Amino acid sequence: MITTASANALTMLPAHGVGAAFRLSDLLARHHDGGNTVFVSDAVLHHGTGDDPLLYTAHRDVLPRQHVLGTDWCADLVEYQPGVLPGGELHRSTGHWNTPAQLEVFQTLAGRTLVITAWRTAAGQLTLRYQECPADALAVIPFGAWHLTLVLDGPAAVFNFYTDLPTAGHPSAERDNFDANKYRRAPAVEITAVRAGDGFQLTGAGFAAWGPAQQTTEPAWLRQAFAGASLPEFYRTADQSAFAALTRHAHRHLPAHTPHHRETESR
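Residues numbered from 1 in each chain as written. Predicted model: local features only at pLDDT ≥ 70, side-chain atom pairs only at ≥ 80, totals over all residues. Heavy atoms only, no water.

## A closer look at the pattern of salt bridges
Line of reasoning, step 1. By the definition in use, this model includes 6 salt bridges.
Line of reasoning, step 2. In this structure, the salt-bridge partner of D76 is R60, at a minimum N-O distance of 3.1 Å. Taken together, the residues D76 in strand β3 (residues 71-80) and R60 in strand β2 (residues 54-68) connect sequence positions 16 residues apart.
Line of reasoning, step 3. Residues participating in the shared-partner salt-bridge network are R112, E132 and D153. (Salt bridge = Lys/Arg side-chain N within 4 Å of Asp/Glu carboxyl O. Helix = DSSP H or I, 4+ residues; strand = E, 2+ residues; numbered from the N terminus.)

As structure tokens, then:
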């Protein structure tokens with residue numbers, strides 16, 4: 001599904017070009033890199049077919065990077081293909097932990113996606129949430145949290161921008177550094193989603209630790225921060241004061257993941 005607003009947002013992006021294709025074999029290769037940093041279900045891990053479906057195509061830096069508020073902001077577009085993996089798992093992203101200072105915002109521009117997030121509060125409480133994202137919907141990731149995107153209806157197009165915000169005594173990280181940190185930071189949360197009739201069902205061994213998932217919706221403050229603009233439009237046209245206001249909102253409203261000592265040791 002593409003709405004009028006999301007169609008307009010797509011026209012703001014340049015021709016997508018080839019991009020980087022990510023297939024099932026790439027998902028398995030990242031899982032086999034070690035450290036359990038990518039969760040792969042047993043059904044996917046042990047599938048015996050020769051199929052190697054395309055999961056998504058990533059267009060990195062689909063809009064030019066911006067240096068605002070002492071940090072680099074990056075914008076990507078990911079085009080997801082519809083389908084299910086062995087065992088019924090929905091086509092998906094790799095899933096990863098964000099860095100503690102990373103602000104990352106998504107907007108589904110076409111199709112319908114599912115975003116699963118997980119983090120530990122300062123009091124040690126494990127929090128697991130999921131959000132269904134139709135076209136135009138916004139989603140934002142808590143600081144330092146783990147997240148996974150899956151395709152409910154596709155093809156789906158998801159635009160996002162992100163940065164590592166500078167903190168006291170710690171300058172912002174270069175993109176290559178925080179990309180490496182988030183993909184190798186800690187073991188993945190063993191939660192995913194499978195097709196169930198016309199809908200989906202969350203599944204995985206991670207429920208034993210994380211407990212039931214809570215459904216969430218687009219935060220009202222996030223929509224207000226963009227003043228009615230699409231995410232690509234905001235990224236292209238916002239001035240420093242608009243980025244500063246978004247940053248203040250994020251620090252005020254977003255929770256932060258507090259890593260367990262085992263996570264810290266695994267970096």
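## Quick word on the pairing of strand β9 (residues 192-196)
Line of reasoning, step 1. Pairing analysis gives 5 bridges linking β9 to strand β10 (residues 199-203), with the strands arranged antiparallel. Across the sheet, residue T192 finds its bridge partner in β10, namely T203. (Pairing = 2+ DSSP bridges.)

## Brief notes about helix α8 (residues 240-253)
Line of reasoning, step 1. Over its 14 residues, α8 runs 20 Å from end to end, which matches the ideal 20 Å to within 8%, given 1.5 Å per residue.
Line of reasoning, step 2. Regarding α8, the residues found buried are F243, A244, L246, T247 and A250. On an axial view of α8, the arc spanned by its buried residues comes to 160 degrees, and they lie on one face.
Line of reasoning, step 3. Looking at the packing, one finds that the buried side of α8 touches β2, β3, β5 (102-120), β8 (146-164), α6 (220-225) and α7 (231-237). (Expected span 1.5 Å × (residues − 1). Buried < 20%, exposed > 50% of the residue type's maximum accessible area, 1.4 Å probe, protein only. Arc of directions from axis to C-beta. Contact = heavy atoms within 4.5 Å.)

## Some points on the pairing of β2
Line of reasoning, step 1. Pairing geometry for strand β1 (residues 20-23) and β2, over 4 bridges, is antiparallel. Each residue of the ladder has a partner; that of A20, found in β2, is A58.
Line of reasoning, step 2. Both β2 and β3 contribute to a ladder of 8 bridges, which runs antiparallel. Bridging across to β3, V68 finds its partner in T71.
Line of reasoning, step 3. Connecting β2 to the antiparallel partner β3 that follows it, the hairpin turn spans 2 residues, and L69 within it adopts a positive phi of roughly 60 degrees.

## What to know about helix α2 (residues 24-32)
Line of reasoning, step 1. Regarding α2, the residues found buried are L24, L27, L28 and H31. When α2 is viewed along its axis, its buried side chains cluster within an angular range of 95 degrees and face the same direction.
Line of reasoning, step 2. Against β1, α3 (42-45) and β2 lie the buried residues of α2.
Line of reasoning, step 3. Remark: G34 follows α2 within two positions and exhibits a positive phi of approximately 105 degrees.

## A short note on the packing of aromatic side chains
Line of reasoning, step 1. Counting across every chain of the model gives 12 aromatic pairs.
Line of reasoning, step 2. Here the aromatic rings of F22 and Y56 are separated by 4.7 Å at their centres, their planes lie at 5 degrees, and the arrangement is stacked. Taken together, the residues span a long stretch of sequence, with F22 in strand β1 and Y56 in strand β2 at a distance of 34 residues. An identical accessibility class is assigned to F22 and Y56; each is buried.
Line of reasoning, step 3. Within the aromatic cluster, the residues linked to one another by ring pairs are W73, F159, F161, F226, F234, Y235 and F243. (Phe/Tyr/Trp six-rings, centres within 6.5 Å; stacked < 30°, edge-to-face > 60°.)

## Brief notes about the nonpolar core
Line of reasoning, step 1. Residues W73, L103, F159, F161, F226 and L246 are the most contacted members of the largest nonpolar core, which totals 33 residues.
Line of reasoning, step 2. Counting residues per element, this core draws most heavily on β5, at 4 residues.
Line of reasoning, step 3. With residues up to four places along the chain from it excluded, the contact list for W73 reads R65, Q66, V68, L103, F161, Y162, T163, L165, Y235, F243, L246 and T247.
Line of reasoning, step 4. Core analysis: the next-biggest nonpolar cluster, separate from the first, contains 24 residues, F22, L24, A58 and C133 among them. (Core = buried A, V, L, I, M, F, W, Y, C linked by side-chain atoms within 4.5 Å.)

## Digging into the environment of R23
Line of reasoning, step 1. Structurally, R23 can be placed in strand β1.
Line of reasoning, step 2. A relative accessible area of 35% places R23 in the partly exposed class.
Line of reasoning, step 3. C-alpha of R23 to C-alpha of T57: the two residues are 34 residues apart in sequence and 8.8 Å apart in space.
Line of reasoning, step 4. Contacts of R23, omitting those with residues within four sequence positions, involve D52, P53, L54 and L55.
Line of reasoning, step 5. Polar side-chain contacts of R23 include one of 3.1 Å to the backbone oxygen of D52. (Polar contact = N/O pair within 3.5 Å; in protein donor to acceptor, adjacent residues only side chain to side chain.)

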